[in-house]
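As a plain string of letters, each chain reads:
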Amino acid sequence: MDNNGTHSNPTKWERYAKEKKPSMKRRCEQNDYHDRRIYMITIATEGRRPLLGTIRGKSNVSEGEEAPHVDLSPLGEKVRDCWMSIPLFHPQIRHIKLCIMPDHIHGILFVTERMETHLGHVVNGFKTGTRKAAKELGVITATVPQSTAHGQLWEPGYNDRILSHEGQLQRMMAYLDDNPRRLLIKREHPEYFRQLGTITVAGTPMQAMGNRFLLDNPVKLQVQCSRSLTPQEIEQRKDFFLNEGTSGAILVSPCISPGEQQIATAALQAHIPLIVLLLKGLPPYFKPQPRYLEACSDGRLLILSPYPIQNQQLTDMRHRCLHLNDLADTICNYS
């Protein structure tokens, strides 16, 4: 709100957009990519073309039905072989996990000791080998310049995530195992996984994904929990919101504080609809986190953000938290 107690014009918040173009492929400035680390690497095909395989099975498997999986194409098999051969060329690297999806791959690599080679050169070597295989298979045309759509196999660059926290590797491996099922869920319920572009919510332009009709519910309640709340106080609030949600209310929250996150998780588990406000915008290929996935497929979730996508560390966290809490309050009281 401004000094007069009214809601600020959305352009006030444009100053939070960084001049530097956001990218999921930006390297971690503090990390030495020669050192011993565990990385999850993500590489997408150019134009997100499904060149690497075909998704099979059903998200909810009954007896006798196929479990979710990807049938690799001939190119997908070559990509798998090239990835698995990385340790042959770089003995300091150990392969841990590979997940090949139709239009991208996730691979977990363990750099066991310091390398003379930068990790980026390792990835580029893999790309060179797979691009050669794609030309041999006729998937891309060798005579077409690589800057054109059909001369490239992969998008420029790659995304890496450093797995350094306790339990992070195990969680990421489970996430990759579940990747085919999540893709099938999105394909079975495309109406709730399609980004809606910019919509106006309570007078504010926002990027949106999910079930926009949750906004039409006449009873919406803001979930806001101070970090100073005790566990007992959070439990009391959780009981209140779950009771109200079971009675038909839609819960609205940025889900920032631990208390807000606990209540949102409990609401999702209880199949209570939720509107979530994001701090960093919606990227072009945004994937709801696993706890949101089932809610999205059931039409019980709407994700909103008034901000452009940003992957850098926020320098205005407090301002954004206050702004999102203000927006949540406005949404709940907007008719």
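In what follows, the structure referred to is the one given above.
None of these values were measured; they are calculated from a predicted model.

## Structural notes on the overall build of the chain
Okay, so step 1: A count of helical and extended segments in the chain gives nine helices and twelve strands.
Okay, so step 2: Expressed as a percentage of contacts within the chain between residues at least 6 apart in sequence, the contacts between residues at least 24 apart total 70%.
Okay, so step 3: About 17,600 Å² of surface is accessible on the chain, with carbon and sulfur atoms providing 50% of the total.

## Some thoughts on unusual backbone geometry
Okay, so step 1: Phi angles above zero are rare outside glycine, and Arg48 is one such case at about 55°.
Okay, so step 2: Mapped onto the elements, Arg48 comes out in the loop between strand 1 (37-44) and strand 2 (53-56).
Okay, so step 3: What makes Arg48 partly exposed here is its relative accessible area of 22%.
Okay, so step 4: Here the phi dihedral of His271 falls at roughly 60°; this positive angle occurs in a residue that is not glycine.
Okay, so step 5: Along the chain, the position of His271 falls in the loop between helix 7 (258-269) and strand 11 (274-277).

## Quick notes on the sheet that holds strand 1
Okay, so step 1: Here four strands make up an open sheet; going across it, the order is 4-5-1-6 and the pairing antiparallel. Of all strands in the sheet, those with a lone pairing partner are strand 4 (93-100) and strand 6 (159-162), marking the two edges. The average angle at which neighbouring strand axes cross in this sheet is 20°, direction not considered.
Okay, so step 2: One ladder, built from seven bridges, connects strand 4 with strand 5 (residues 104-111); its direction is antiparallel. Following the sheet pairing, Ile100 is matched in strand 5 by Ile105.
Okay, so step 3: Running at roughly 40° to strand 1, helix 3 (residues 119-136) makes contact with strand 1, strand 4 and strand 5 of the sheet.
Okay, so step 4: Most of the contacts of helix 4 (residues 168-177) go to strand 4, to which it runs at about 35°, and overall it touches strand 1, strand 4, strand 5 and strand 6.

## A closer look at the packing of aromatic side chains
Okay, so step 1: According to the stated counting rule, one finds four aromatic pairs in the structure shown.
Okay, so step 2: Centroid distance Tyr33 to Tyr39: 5.6 Å. Interplanar angle 20°. Geometry classified as stacked.
Okay, so step 3: Pairing Phe240 with Phe241 gives two aromatic rings, centres 5.1 Å apart and planes at 70°, and the pair type is edge-to-face.
Okay, so step 4: The class for Phe240 is partly exposed, based on a relative accessible area of 42%.
Okay, so step 5: In textbook terms, an aromatic cluster arises when at least three aromatic residues are bridged by ring pairs, as seen for Trp83, Phe126 and Trp154.
Okay, so step 6: Above the plane of the ring of Tyr175 lies Arg182, whose end atom (NZ or CZ) is 3.6 Å from the centre.
Okay, so step 7: A cation over an aromatic ring shows up here: Arg320 above the ring of Tyr307, its NZ or CZ 4.0 Å from the ring centre.

## Let's talk about the packing of helix 6 (residues 231-246) against helix 7
Angle between the axes and distance between the axes: these two values describe a pair of packed helices.
Okay, so step 1: In the contact formed by helix 6 and helix 7, the axes pass within 10 Å of each other and the chain directions differ by 35°. Seen from above, helix 6 lies across helix 7 with right-handed handedness. Where helix 6 approaches helix 7, its residues Ile234, Glu235, Arg237, Lys238, Phe241 and Leu242 are matched on the opposing element by Gly259, Gln262, Ile263, Ala266 and Ala267.
Okay, so step 2: Here the residues of the contact of helix 6 with helix 7 are counted per class, giving six nonpolar, two polar and three charged.

## Some remarks on the nonpolar core
Okay, so step 1: Counting 28 residues, the largest nonpolar core has Leu251, Leu274, Val276, Tyr292 and Leu301 as the members making the most contacts within it.
Okay, so step 2: Listing elements by their share of this core, those giving two or more residues are helix 6, helix 7, strand 11, helix 8 (290-297) and strand 12 (301-305).
Okay, so step 3: When residues in this core are grouped by element, the largest group, five residues, is from helix 7.
Okay, so step 4: If we ignore the near neighbours within four places in the chain, the residues touching Tyr292 are Cys255, Leu268, Leu274, Val276 and Leu301.

## Points about the pattern of salt bridges
Okay, so step 1: Counting across every chain of the model gives twelve salt bridges.
Okay, so step 2: One salt bridge connects Arg49 with Glu46, and the closest N-O pair in it is separated by 3.6 Å.
Okay, so step 3: Judged by relative accessible area, Arg49 falls into the buried class, the value being 18%.
Okay, so step 4: Here Asp71 makes a salt bridge to Arg56, at a shortest N to O gap of 3.1 Å. Placement of Asp71 in strand 3 (residues 69-72) and of Arg56 in strand 2 is noted, with a sequence separation of 15 residues between them.

## Some remarks on the layout of surface pockets
Okay, so step 1: Size it by volume and the second largest pocket reaches roughly 320 Å³.
Okay, so step 2: Asp103, His104, Leu183, Lys186 and Lys287 are, among the 17 residues lining the second largest pocket, the residues nearest its centre.
Okay, so step 3: Sorting elements by how many residues they give to the lining of the second largest pocket places helix 5 (residues 179-188) first, with five residues.

Reading guide: rules and limits
Residues numbered from 1 in each chain as written. Predicted model: local features only at pLDDT ≥ 70, side-chain atom pairs only at ≥ 80, totals over all residues. Heavy atoms only, no water. Helix = DSSP H or I, 4+ residues; strand = E, 2+ residues; numbered from the N terminus. Contact = heavy atoms within 4.5 Å. Areas by Shrake-Rupley, 256 points an atom, 1.4 Å probe, with all protein chains shown as cover. Buried < 20%, exposed > 50% of the residue type's maximum accessible area, 1.4 Å probe, protein only. Pairing = 2+ DSSP bridges. Axes fitted to C-alpha atoms, helices over the stretch in contact; angles between N-to-C directions. Phe/Tyr/Trp six-rings, centres within 6.5 Å; stacked < 30°, edge-to-face > 60°. Lys NZ or Arg CZ within 6 Å of the ring centre and 35° of its normal. Left-handed = near helix turned anticlockwise from the far one by under 90°. Nonpolar A, V, L, I, M, F, W, Y, C, P; charged D, E, K, R; others polar. Core = buried A, V, L, I, M, F, W, Y, C linked by side-chain atoms within 4.5 Å. Salt bridge = Lys/Arg side-chain N within 4 Å of Asp/Glu carboxyl O. 1 Å grid on protein atoms, 1.4 Å probe; cavity = no way out; pocket = protein on both sides within 12 Å on 5 of 7 lines; lining within 4 Å. Points joined across faces, edges and corners; volume = space filled by probe spheres on them.

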